[in-house]
Amino acid sequence: MQEKIKKMIAPLLKWYYQNRKSYPWRQDREPYHVWVSEIMLQQTRIEPVKAYYARFMQVLPTLESLSRIDEEQLMKLWEGLGYYSRARNLHKAAQCIMQEYGGKFPQTYQTLRKLPGIGDYTAGAIASICFNEKVPAVDGNVLRVVARILGSDKNVLLAETKKEVTALLQSVMPEEAGAFNEALMELGENICLPNGTPLCEKCPLQEHCTAYEKDLTGQLPVRIKEVKRRQEEKTIFLLVSENGRIAIEKRGKKGLLAGMYQLPNTEGYYTEAALRDKLRSWDIEPLSIVPLGEAKHVFTHIDWLMQGFRIVTPTESDRFLWVTPEELKASYALPSAFKYYYDRY
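So, a few notes on the structure that sits alongside this text. The shown structure was predicted, so the numbers you read here are calculated from the model rather than taken from an experiment.

Reading the values: the criteria
- Residues numbered from 1 in each chain as written.
- Predicted model: local features only at pLDDT ≥ 70, side-chain atom pairs only at ≥ 80, totals over all residues.
- Heavy atoms only, no water.
- Salt bridge = Lys/Arg side-chain N within 4 Å of Asp/Glu carboxyl O.
- Helix = DSSP H or I, 4+ residues; strand = E, 2+ residues; numbered from the N terminus.
- Buried < 20%, exposed > 50% of the residue type's maximum accessible area, 1.4 Å probe, protein only.
- Phe/Tyr/Trp six-rings, centres within 6.5 Å; stacked < 30°, edge-to-face > 60°.
- Lys NZ or Arg CZ within 6 Å of the ring centre and 35° of its normal.
- Pairing = 2+ DSSP bridges.
- Core = buried A, V, L, I, M, F, W, Y, C linked by side-chain atoms within 4.5 Å.
- Contact = heavy atoms within 4.5 Å.
- Expected span 1.5 Å × (residues − 1).
- Arc of directions from axis to C-beta.
- Lys, Arg positive; Asp, Glu negative; His and termini not counted.

## Let's talk about the pattern of salt bridges
1) Next: Summed over all chains, the structure comprises 22 salt bridges.
2) Next: The shortest N-O distance in the salt bridge between Glu 175 and Lys 134 comes to 3.2 Å. Of this pair, Glu 175 sits in the loop between helix H10 (159-170) and helix H11 (177-190) while Lys 134 sits in the loop between helix H8 (120-131) and helix H9 (140-150), and the two are 41 residues apart along the sequence.
3) Next: What makes Glu 175 exposed here is its relative accessible area of 58%.
4) Next: The partly exposed category is assigned to Lys 134, whose relative accessible area is 35%.
5) Next: Between Glu 232 and Lys 234 there is a salt bridge, and its shortest N-O distance comes to 4.0 Å.

## A closer look at the packing of aromatic side chains
1) Next: The tally for this structure, following the rule as stated, stands at 14 aromatic pairs.
2) Next: Centre to centre, the rings of Trp 25 and Tyr 53 are 5.3 Å apart; their planes meet at 75 degrees, and the pair counts as edge-to-face. With Trp 25 in the loop between helix H1 (2-19) and helix H2 (31-41) and Tyr 53 in helix H3 (residues 46-59), this residue pair connects regions lying 28 residues apart in the sequence. Here Trp 25 matches Tyr 53 in class, with each residue buried.
3) Next: Seen in terms of ring centroids, Trp 282 and Phe 320 are 5.2 Å apart; in terms of plane orientation they differ by 90 degrees. Their pairing is edge-to-face. A residue pair is termed long-range when its members are at least 10 positions apart, and Trp 282 in the loop between helix H13 (272-281) and strand S5 (288-298) and Phe 320 in the loop between strand S6 (302-313) and strand S7 (321-323) qualify at 38 residues.
4) Next: In this structure Phe 320 comes out as buried when scored by relative accessible area, which is 7%.
5) Next: Put simply, the rings of Phe 237, Tyr 270, Trp 282, Phe 320 and Trp 322 touch in pairs and so form one group of aromatic residues.
6) Next: One residue, Arg 344, lies across the ring of Tyr 340, its end atom 3.6 Å from the ring centre.

## Topic: the pairing of strand S2 (residues 246-250)
1) Next: Here S2 lies mainly inside the structure; four of its five residues are buried.
2) Next: In terms of strand pairing, S2 meets S7 through three bridges, oriented antiparallel. Within S7, the position partnered with Ile 248 by the bridge is Leu 321.
3) Next: When S2 meets strand S3 (residues 261-262), the two strands line up antiparallel, connected through two bridges. Along S3, the bridge assignment pairs Lys 250 with Tyr 261.

## Let's talk about the nonpolar core
Soluble globular proteins tend to pack their nonpolar side chains together in the buried interior.
1) Next: Counting 102 residues, the largest nonpolar core has Trp 35, Phe 56 and Leu 66 as its most contacted members.
2) Next: Setting aside chain neighbours within four positions, we find Leu 66 in contact with Tyr 32, Trp 35, Phe 56, Leu 60, Leu 74, Leu 90, His 91 and Ala 94.
3) Next: Ranked by size, the runner-up nonpolar core spans 11 residues in total, among them Ala 247, Phe 309, Ile 311 and Phe 320.

## Topic: H10
1) Next: Helix length check: H10 (12 residues) gives 16 Å between terminal C-alpha atoms against 16 Å at 1.5 Å per residue, within 8%.
2) Next: Regarding H10, the residues found buried are Thr 161, Val 165, Leu 168 and Leu 169. Along the long axis of H10, the arc covered by the buried residues comes to 95 degrees, so they all point the same way. For H10, exposure combined with an orientation more than 90 degrees from the buried face picks out Ala 159, Glu 160 and Lys 163.
3) Next: Of the surrounding secondary structure, the elements contacted by the buried residues of H10 are H1, H9 and H11.

## Description of the side chain of Arg 148
1) Next: For Arg 148, the position within the fold is in helix H9.
2) Next: Asp 215 provides the closest opposite charge to the buried, unpaired Arg 148, separated from it by 10 Å.
3) Next: Not counting residues within four places of it along the chain, the set of residues in contact with Arg 148 comprises Cys 192, Leu 193, Pro 194, Asn 195, Gly 196, Pro 198, Cys 209, Thr 210, Ala 211, Thr 217, Leu 220 and Pro 221.

## Describing the side chain of Thr 217
1) Next: Along the chain, the position of Thr 217 falls in the loop between helix H12 (210-213) and strand S1 (230-241).
2) Next: A relative accessible area of 14% places Thr 217 in the buried class.
3) Next: Here Thr 217 is in contact with Arg 148, Gly 196, Pro 198, Cys 200, Ala 211 and Tyr 212, once residues within four sequence places are set aside.

## As for the pairing of S6
1) Next: The buried fraction of S6 amounts to 10 of the 12 residues, a majority that puts the element mostly inside the structure.
2) Next: Relative to S6, S1 is paired through 12 bridges, and the arrangement is parallel. Paired with Lys 234 across the strands is Met 306, a residue of S6.
3) Next: When S5 meets S6, the two strands line up antiparallel, connected through 10 bridges. The residue bridging Lys 296 from the neighbouring strand is Leu 305, located in S6.
4) Next: Adjacent in sequence and paired antiparallel, S5 and S6 are bridged by three residues.

Laid out in structure tokens, this is it:
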């Protein structure tokens, strides 16, 4: 296996230097830029990240500015990217670097790994790309490329498989460590595509690829999910006062969407009588109740099965924060789980 991986290094790097994409975060090797882009890219495709990255850097151009931003402002800036704990960890890590490292970005994998929100992959990416430390950065793209090159039928969703691939790449890391890691990631992003549709005719590693040779690209990599999902029924309330303001509330500090603003909602579905009882418990007398239909939102381990209602009320209950649509758009980050109902304002 080691020899097979060694043989692909030279053609892979040659392809990369000739074809690498010009992304905004590649204009320099500033670790702050690489770090923010890598965190954004963890659960989002490259194309939509470009706009978020540009907006983020316009508002927060330096590590220090990130460390000083108010969390509410940061959540609004992150709105739409999801996985808001990533933004909170960015904030914490920036404050940690300012306080414990004098504002100087840590330069080694081991030190980076100690920062909030920085795992093995992100630490490897920053250390290799910015400081050329000879450490791998193994994400889903890299796992897919290696599995196809080796013809491996090991489940790439298992931590054990990732550990093995990381050790294998560590044993062959070239001097151009950052370029090698980026080349593997870019090959997976643009050529060695998932779901059995790789662009093998454009791949610089075609002659080294076992999956191509044995026509296994449709079967590899093996991905067997062992996560048990659960479903939760929710009723969503789009509460609108007569002057056009919308009710929102803040979630608790722990759990799913912790600390985010949301449309009021409850567990379970309601009959009309139960719905009116719930509104009365909130000191809300409805002028009208209009069903908004059903919607579904998929989280990592949970599916929300939702029904929603638009309710107009003459008064604004003290239980909620009431804001105009303009204020909501400008100042409050509303998770995408509620978008279907908010769009029916």
